Amino acid sequence: DLKEAKRTYLLQRTLKNLQGNERVEFEALVGRELSRAELEQARNLMKKSGAVEEADSIINAQISLASKSIEKLSFESDVNDEFEKLMKKSVKRAF
C-alpha cells in the first residue's frame, strides 16, 4: 500500500498525525519501492503517529458490534462460532 500510495486509513491518519520532520520523512517513503530498513522506518512512524492504535481501536469496536449481532442470529451455536472465527480472521493483520 505504501509503494502504491494507496489512501488507506492508516496512511491518511499517519499523514494527519505526523508533524514537521517526521511527516516529511514519512512522505518521502510513500509511493516508491522501499528497502527493508525503509519499510521498518515507515512502520515505526505509523506506530509513533498513533494511526495503528486508532485503527486497532476502530477494528475492535466493530468486532464487538459484529459479535453482538452474530449472537442474535438464530443459528446453531457452532455456526455462530464459525461466523465469529471468520470475522476475526478477516481483520487479523500483522504490523
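Above this text is the structure in question.
One structure accompanies this document, and this report is about it. Remember, predicted model here, so these are calculated numbers, not experimental data.

A few words now on the overall build of the chain. Each helix and strand counted, the chain has 5 helices and 0 strands in total. Computed over C-alpha atoms, the radius of gyration of the chain comes to 17 Å, more than 25% over the 12 Å expected from 2.2 N^0.38 for 95 residues, which places it beyond the range of a compact globule. Within the chain, buried positions represent 25% of all 95 residues. When the accessible area of the chain is evaluated, it comes to approximately 6,900 Å², of which 51% is carbon and sulfur surface.

Our focus in this paragraph is the packing of helix α1 (residues 9-17) against helix α3 (residues 36-49). It is the contact of α1 with α3, at a shortest axis distance of 9 Å, that shows an interaxial angle of 70°. Of the possible angle classes, the one that applies to α1 and α3 is roughly perpendicular. For α1 against α3, the interelement crossing comes out left-handed. Contacts between α1 and α3 pair L10, L11, T14 and N17 from the former with L45, M46 and S49 from the latter. Its residues placed into classes, the contact of α1 with α3 shows 4 nonpolar, 3 polar and no charged.

With that settled, the discussion passes to the packing of α1 against helix α4 (residues 51-72). Put simply, α1 and α4 touch, their axes get as near as 9 Å, and they point 135° apart. Judged by the inter-axis angle, α1 sits oblique to α4. The crossing of α1 and α4 is right-handed. When α1 is examined against α4, the residues Y9, L10, R13, T14 and N17 are found in contact with a partner set consisting of A51, V52, E54, A55 and I58. Partitioning the contact of α1 with α4 into residue classes produces 6 nonpolar, 2 polar and 2 charged.

The rules behind each value
Within each chain, residues carry numbers counting from 1 in the order of the written sequence. Where totals are concerned, whole chains, interfaces and linings use all residues; where local detail is concerned, this predicted model gives features only for residues with pLDDT of at least 70, and gives and counts side-chain atom pairs only at 80 or more. Neither water nor hydrogens contribute to the side-chain values; these are computed over all heavy atoms in the structure. Helix numbers and strand numbers start at the N terminus; a helix is a DSSP run of H or I with at least 4 residues, a strand a run of E with at least 2. Throughout, radius of gyration means the C-alpha value; the globule benchmark is 2.2 Å times the number of residues raised to the power 0.38. Classification of residues uses two cut-offs on accessible area relative to the type maximum, computed with a 1.4 Å probe and protein chains only: under 20% is buried, over 50% is exposed, and between them is partly exposed. Per-residue and other accessible areas were derived by the Shrake-Rupley procedure at a 1.4 Å probe size, with only the shown protein chains allowed to occlude residues. Interaxial angles span 0 to 180 degrees and are taken between N-to-C directions of axes, which are lines fitted to C-alpha atoms, for helices over the stretch in contact. Between 65 and 115 degrees an angle is taken as roughly perpendicular, under 35 as roughly parallel, over 145 as roughly antiparallel, and anywhere else as oblique. Helix crossings fall into two classes, left-handed where the near helix is turned counterclockwise from the far one by less than a right angle and right-handed where it is turned clockwise. Contact definition: two residues touch when any of their heavy atoms are within 4.5 Å. Any residue outside Ala, Val, Leu, Ile, Met, Phe, Trp, Tyr, Cys, Pro, Asp, Glu, Lys and Arg is labelled polar, Gly included; the first ten of those are nonpolar and the last four are charged.

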